[in-house]
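Coordinates in review
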Amino acid sequence: MSKRILHGKVVSCKNDKTVVVEIIRTAKHKLYKKIIKRNKRFHAHDENSNYNVGDNVAIQESRPFSKLKRWIVLNNLDQGEQQ
């Protein structure tokens, strides 16, 4: 079974080797049929503390690192635009 990969923005990097990534998705309301935003936050493992608040990153499912961390940061999506 393949591991899920999600794209989101880093909203916190205060913890050691951990970043909090917020994933925003859109969904249609069942009754009113209006498009609404849904967001969820994931704690992801960042071994070298390379990522800061505001970075767009890709995260992948992983083994449990702690009580909340089950994701690992793959790469920075903004790096390709800067180079």
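Heads up: the structure comes first, above all this text.
1. Overview of the overall build of the protein chain
The secondary structure content of the protein chain amounts to 1 helix and 5 strands. Element order for the protein chain, N to C, with α for helix and β for strand: β-β-β-β-β-α. Principal-axis analysis of the C-alpha atoms gives the protein chain an extent of 45 × 35 × 30 Å. For the protein chain, the residues scored as buried account for 27% of the 83 residues in total. Looking at the protein chain alone, contacts between residues at least 24 apart form 46% of all its contacts between residues at least 6 apart. A total of about 6400 Å² of accessible surface is found on the protein chain, and carbon and sulfur atoms cover 48% of it.

2. As for the sheet that holds strand β2 (residues 18-28)
Taken in spatial order, the 5 strands line up as β1-β2-β3-β5-β4 and close into a barrel, and their pairing is mixed. The sheet shows a mean angle of 50° between the axes of neighbouring strands, taken without regard to direction.

3. Examining the environment of arginine 41
With respect to the element layout, arginine 41 can be found in strand β3 (residues 35-45). You can call arginine 41 exposed: its relative accessible area is 52%. Considering only alpha carbons, one finds arginine 41 and arginine 25, 16 residues apart in sequence, at a separation of 12 Å. For arginine 41, the residues in contact, after removing those within four places along its chain, are Val11, Val20, Val21 and Glu22.

4. Side note on the side chain of aspartate 78
Take aspartate 78: it is sitting in the loop between β5 (71-76) and α1 (79-82). An unpaired buried charge is present at aspartate 78: no salt bridge exists, and lysine 9, the closest side chain of opposite charge, is 7.5 Å distant. Separated by 3.4 Å, the side chains of aspartate 78 and asparagine 56 make a polar contact. Setting aside residues no more than four positions away along its own chain, aspartate 78 makes contact with Gly54, Asp55 and Asn56.

What counts as what
- Residues numbered from 1 in each chain as written.
- Predicted model: local features only at pLDDT ≥ 70, side-chain atom pairs only at ≥ 80, totals over all residues.
- Heavy atoms only, no water.
- Helix = DSSP H or I, 4+ residues; strand = E, 2+ residues; numbered from the N terminus.
- Buried < 20%, exposed > 50% of the residue type's maximum accessible area, 1.4 Å probe, protein only.
- Contact = heavy atoms within 4.5 Å.
- Areas by Shrake-Rupley, 256 points an atom, 1.4 Å probe, with all protein chains shown as cover.
- Pairing = 2+ DSSP bridges.
- Axes fitted to C-alpha atoms, helices over the stretch in contact; angles between N-to-C directions.
- Lys, Arg positive; Asp, Glu negative; His and termini not counted.
- Salt bridge = Lys/Arg side-chain N within 4 Å of Asp/Glu carboxyl O.
- Polar contact = N/O pair within 3.5 Å; in protein donor to acceptor, adjacent residues only side chain to side chain.

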